[in-house]
Amino acid sequence: RTRTAVLISGRGSNMTVLVEAAKAADYPAEIALVLSNRPEAAGLAYAAGQRIPTLALDHRAYPDRGSFDAALDGALREAGIELVVLAGFMRILTPGFVEAWAGRMINIHPSLLPLFRGTHTHEQALAAGVRVHGCSVHYVVPELDAGPIVAQAAVPVLPGDDADALAARVLVQEHRLYPAALAMIASGRARLEGGRVILAEAARDAGGA
Ligand code: GAR
């Protein structure tokens, strides 16, 4: 099983569904570490209660991004991590760190990329007037929210939606998509080659909505 670290900054609901999925004996990834840049993140207590090793690396204790990312890299290597999963991790990572984990680090983003990068994606979708919205799992590259897409799931935008209603509808799909996408990668059914995602035949059905 692929030794996987899940990086969070807050609530950690995506992390909890990954932990649940990884309890199945035939799931190809093992959640070997849950790490947060915020010591008060609610998800850390959940993970500790599940007897998963946890680590808080408070970014405020480091003088700059480079030194924080060096500490992060050291912690991941120390734990023998093979795959890094960002799940609501709200820190921009330095290009050096991203390059060091190229092809071995994924993120979930609450929009149908390449639309609506950055923050406030549900507000962005409502402002744009799109009728379909969703979430994307992508490999991480130095440019924010720009990496090759592994899987996506779509939801309708309904009359009367506000950002919270839309976020809740998308989150249901995030919780379905992320465990499926992680399984595809950890089992080798999806991989990065020459900057593109290669899907095995068997992964086609699991690839999204
Ligand atoms: C999720 O909706 C995730 O897609 C989003 O933050 C939320 C975290 O929720 N991530 C980003 O916006 C990344 N830029 P969670 O902590 O409950 O998983």
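As the structure is a computational prediction, the values presented were derived from the model and not from experiment.

**Student:** Which residues make up helix α5 (residues 121-128), and what values go with them?
**Tutor:** For α5, the full list of buried residues reads Thr121, His122 and Ala125. Down the axis, α5 shows its buried residues gathered within 100 degrees of arc, on one side only. The inward-facing, buried residues of α5 contact β5 (105-109), β6 (132-139) and α6 (163-186). Immediately downstream of α5, the backbone of Gly129 shows phi near 75 degrees, a positive value.

**Student:** I'd love a proper account of the layout of surface pockets, names of residues and values included.
**Tutor:** The rolling of a water-molecule-sized probe over the atoms marks out the regions of remaining empty space. Looking at the largest pocket, its volume works out to about 920 Å³. Looking at the largest pocket, it is lined by 37 residues, and the ones nearest its centre are Gly88, Phe89, Met90, Ile108 and Pro110. Contributing elements (two or more residues each) for the lining of the largest pocket: α1 (13-21), β5, α5 and α6. With 4 residues, the top contributor of residues to the lining of the largest pocket is α6.

**Student:** Hey, could you go over the UniProt feature "domain: Formyl transferase N-terminal" (unreviewed entry) in the chain for me, with residue numbers and the actual values?
**Tutor:** Under the UniProt annotation, "domain: Formyl transferase N-terminal" (unreviewed entry) lies at residues 3-182. Annotated as 36% helix and 23% strand, the span residues 3-182 places its first and last C-alpha atoms 12 Å apart.

**Student:** Break down the site of the ligand for me, citing the residues and quoting the values.
**Tutor:** The local shell around the ligand consists of Arg11, Gly12, Ser13, Asn14, Gly88, Met90, Ile108, His109, Pro110 and Glu174. Between the ligand and Asn14 there is a distance of 2.9 Å, counted from an oxygen atom to a backbone nitrogen or oxygen. Put simply, the parts of the chain that give the shell around the ligand at least two residues each are α1 and β5.

What counts, and where the lines are drawn
Residues numbered from 1 in each chain as written. Predicted model: local features only at pLDDT ≥ 70, side-chain atom pairs only at ≥ 80, totals over all residues. Heavy atoms only, no water. Buried < 20%, exposed > 50% of the residue type's maximum accessible area, 1.4 Å probe, protein only. Helix = DSSP H or I, 4+ residues; strand = E, 2+ residues; numbered from the N terminus. Arc of directions from axis to C-beta. Contact = heavy atoms within 4.5 Å. 1 Å grid on protein atoms, 1.4 Å probe; cavity = no way out; pocket = protein on both sides within 12 Å on 5 of 7 lines; lining within 4 Å. Points joined across faces, edges and corners; volume = space filled by probe spheres on them. UniProt positions renumbered as here; feature names shortened; annotations may be inferred. Near = heavy atom within 4 Å. Polar contact = N/O pair within 3.5 Å; in protein donor to acceptor, adjacent residues only side chain to side chain.

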